[in-house]
Amino acid sequence: MTNFVLVPGAWLGAWAWDEVAAGLRAEGHGVYPVTLSGLAERHGPDAAQVGQQQHVDDIVTVIESHDLRDVVLAGHSYSGIPVGQAAGRIGDRLRRVVYVDSNIPADGKSFVDGWSPEGRAWVEGQLAESGGFWPPLTAEDYADQDLSDQAIALIVARSTPHPGRAISEPARLTRPIGDLPTTYLKCLLDGATPSADVVEQLKSPSWELLELPTGHWPMFSQPAALTKLLSDR
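Residues numbered from 1 in each chain as written. Predicted model: local features only at pLDDT ≥ 70, side-chain atom pairs only at ≥ 80, totals over all residues. Heavy atoms only, no water.

## Overview of helix α4 (residues 117-129)
The end-to-end C-alpha separation of α4 is 18 Å, in line with the 18 Å expected for 13 residues at 1.5 Å each. Taken together, the buried positions of α4 are occupied by Gly 119, Val 123, Gln 126 and Leu 127. The arc enclosing the buried residues of α4, seen along the axis, measures out at 100 degrees, which places them on a common side. Looking at α4, the residues exposed on the side facing more than 90 degrees away from the buried face are Pro 117, Glu 118, Ala 128 and Glu 129. Buried residues in α4 make contact with β5 (133-134) and α6 (164-168). Within two residues after α4, Gly 131 carries a phi angle of roughly 75 degrees, on the positive side. (Helix = DSSP H or I, 4+ residues; strand = E, 2+ residues; numbered from the N terminus. Expected span 1.5 Å × (residues − 1). Buried < 20%, exposed > 50% of the residue type's maximum accessible area, 1.4 Å probe, protein only. Arc of directions from axis to C-beta. Contact = heavy atoms within 4.5 Å.)

Here it is, written out as structure tokens:
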């Protein structure tokens, strides 16, 4: 039995994995969806102060507190950054990292460090205007991503503001991510090719690239396909 630890991207909670989690459990796997500090049911008045390293600790705590072995650790979007750091901390508990159309960590760099100056100015303005939070997307932002109207309505209704510190704090790697057994899943409606930093890591013999013909949120748009991809790892 494989133990799947599933970490959602920005603005989302463990609930985002409900359909995928149900599918994996039906196959007999252990499944542990994670709600990161400051999000969903863990969102509170001090949530803006939650940093990225707290998110790394959240993931490691789930794995260690349940004494999980043979772990497939999956991170979507923003959460590839804390997932990649957590993977290096759990030693031989790790079976594989799966980055689901996600960012990947680089030691000493934050989520926004790779953005253009205009992009950084935009997000910094959002943080300043919202009291240190990164506001959720609107329904229009989910267009052309293979999502039903019902899925978009659900995501918008249940999203919570994302802690600003989590996207501005630098990553701290304990192991090079290229050394870890890794699958990178590229969702093709969100760009036909991976980012340059992912392409560089894919030179490692420990990494593989898979693709899905769907948008950036495959747990909502193609949950069965995503479940199969994960269970095959």
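## Remarks on the pairing of strand β4 (residues 94-100)
A regular strand carries its side chains on alternate faces of the sheet. Counting buried positions over the 7 residues of β4 gives 6, a clear majority of the element. The pairing of strand β3 (residues 71-76) with β4 spans 6 bridges and is parallel. Across the sheet, residue Val 71 finds its bridge partner in β4, namely Leu 94. A crossover connection joins β3 to the parallel β4 through helix α3 (residues 80-89); in handedness this β-α-β unit is right-handed. In the sheet, β4 pairs with strand β7 (residues 182-187) via 4 bridges, with the strands oriented parallel. When the bridges of β7 are listed, Val 100 appears paired with Leu 185. (Pairing = 2+ DSSP bridges. Right-handed = clockwise from strand over helix to strand, strands pointing away.)

## So, helix α2 (residues 52-65)
Along its 14 residues, α2 runs 20 Å from first to last C-alpha, staying within 8% of the 20 Å computed at 1.5 Å per residue. Along α2, the residues classified as buried are Gln 52, Gln 53, His 55, Val 56, Asp 58, Ile 59, Val 60, Val 62 and Ile 63. Buried residues belonging to α2 abut β1 (3-7), β2 (30-33), β3, α3, β6 (162-163) and α6. One or two positions beyond α2, positive phi appears at Asp 67, with a value near 50 degrees.

## Concerning unusual backbone geometry
Here the phi dihedral of Asp 67 falls at roughly 50 degrees; this positive angle occurs in a residue that is not glycine. One can find Asp 67 in the loop between α2 and β3. With relative accessibility at 46%, the residue Asp 67 sits in the partly exposed group. The residue Asp 146 is not glycine, and still its phi comes out positive at about 65 degrees. Summarising the element assignment, Asp 146 is placed in the loop between β5 and α5 (149-158).

## Notes on the environment of Ile 90
Along the chain, Ile 90 falls in the loop between α3 and β4. Overall, Ile 90 belongs to the buried group, its relative accessible area being 5%. Contacts of Ile 90, omitting those with residues within four sequence positions, involve Val 60, Ile 63 and Val 71.

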